[in-house]
Amino acid sequence: MKKIVLLVVLFMYSFSVAQENYKYVIVPKKFSFFSEENEYSTSSMTKAFFEKEGFIVFYDTDEFPSELANNRCLALYANAIKKSNMFITKINFELKDCANKMVFSSIQGSSRE
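Residues numbered from 1 in each chain as written. Predicted model: local features only at pLDDT ≥ 70, side-chain atom pairs only at ≥ 80, totals over all residues. Heavy atoms only, no water.

Explain the state of the cysteines to me, please; I cannot follow it from the model alone.
Put plainly, a disulfide is one covalent bond tying together the sulfur atoms of two cysteines. Applying the stated rule across the entire model yields one disulfide. Paired through a disulfide, C73 and C98 show a sulfur-sulfur distance of 2.0 Å. Between C73 and C98, the S-S dihedral sits near 85 degrees, and the bridge is therefore right-handed. Of the two residues, C73 is situated in the loop between α3 (66–70) and β3 (75–84) and C98 in the loop between β4 (89–96) and β5 (102–105); the sequence distance between them amounts to 25 residues. Judged by its relative accessible area of 37%, C73 falls in the partly exposed class. Residue C98 is classed as partly exposed on the basis of its relative accessible area, which comes to 37%. (Disulfide = S-S within 2.5 Å. Helix = DSSP H or I, 4+ residues; strand = E, 2+ residues; numbered from the N terminus. Buried < 20%, exposed > 50% of the residue type's maximum accessible area, 1.4 Å probe, protein only.)

Following this line, the structure appears as structure tokens:
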């Protein structure tokens, strides 16, 4: 599963969203295909990347500031999608807006481990 960390890094390099439209990014504390919160540090690495890019980042379990709580459309919602079979794990990251419209999708990373 160390390859998943590599896939997160691939996502980080393929990120190119216009930052002036969105102020916040909300990252899940636990991605749906993991059994524990922040497994393999994927959530914290994703959060650190967006903070480095100038966004204000919150986990989905955090308490939001009043500005974000009143207007959820100020944020993008990050998610990782896992598509696997018996031999290959494939993951890509998506950023969606408040209307569940996909704003950005990364290239698909894969691992044979």
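There's more to say after this.
Before we go on, may I ask you to explain the packing of aromatic side chains in this structure?
A complete count under the given rule lists eight aromatic pairs for this structure. With a centroid separation of 4.7 Å and an interplanar angle of 55 degrees, the aromatic rings of F33 and F34 are classed as tilted. Its relative accessible area of 6% is what places F34 among the buried residues. Measuring from ring centre to ring centre gives 5.9 Å for F50 and F55, while their planes differ by 80 degrees; the resulting arrangement is edge-to-face. (Phe/Tyr/Trp six-rings, centres within 6.5 Å; stacked < 30°, edge-to-face > 60°.)

Please explain the environment of E67 as it appears in this structure.
Structurally, E67 is set in helix α3. With a relative accessible area of 38%, E67 lands in the partly exposed category. Ignoring any residue separated from it by four or fewer positions in sequence, one finds E67 in contact with K23, Y24 and L74. (Contact = heavy atoms within 4.5 Å.)

What is the right way to look at unusual backbone geometry in this model?
A negative phi angle characterises most non-glycine residues, just as the trans form characterises most peptide bonds. Of note, the phi angle at Y40 is positive, near 60 degrees, even though the residue is not glycine. Structurally, Y40 is set in the loop between β1 (24–27) and α2 (42–52). Residue Y40 is classed as partly exposed on the basis of its relative accessible area of 34%. You will see that N100, though not glycine, has its phi angle at about 65 degrees, which is positive. Note on placement: N100 falls in the loop between β4 and β5.

Any chance you could explain the pairing of β1 here in plain terms?
Each regular strand carries side chains that alternate between the two faces of the sheet. Neither face of β1 is open: one carries Y24 and I26, the other V25 and V27, and all of them are buried. Here four bridges tie β1 to strand β2 (residues 56–59), and the two strands are oriented parallel to one another. Looking at the pairing, Y24 lines up with I56 of β2. Handedness of the crossover is the feature at issue here: the chain leaves β1, passes through α2, returns alongside β2, and the resulting connection is right-handed. Pairing of β1 with β3 involves three bridges; the strand directions are parallel. Among the inter-strand pairings, V25 is bridged to a residue of β3, identified as L76. (Pairing = 2+ DSSP bridges. Right-handed = clockwise from strand over helix to strand, strands pointing away.)

Keep in mind these values describe shape, not function.
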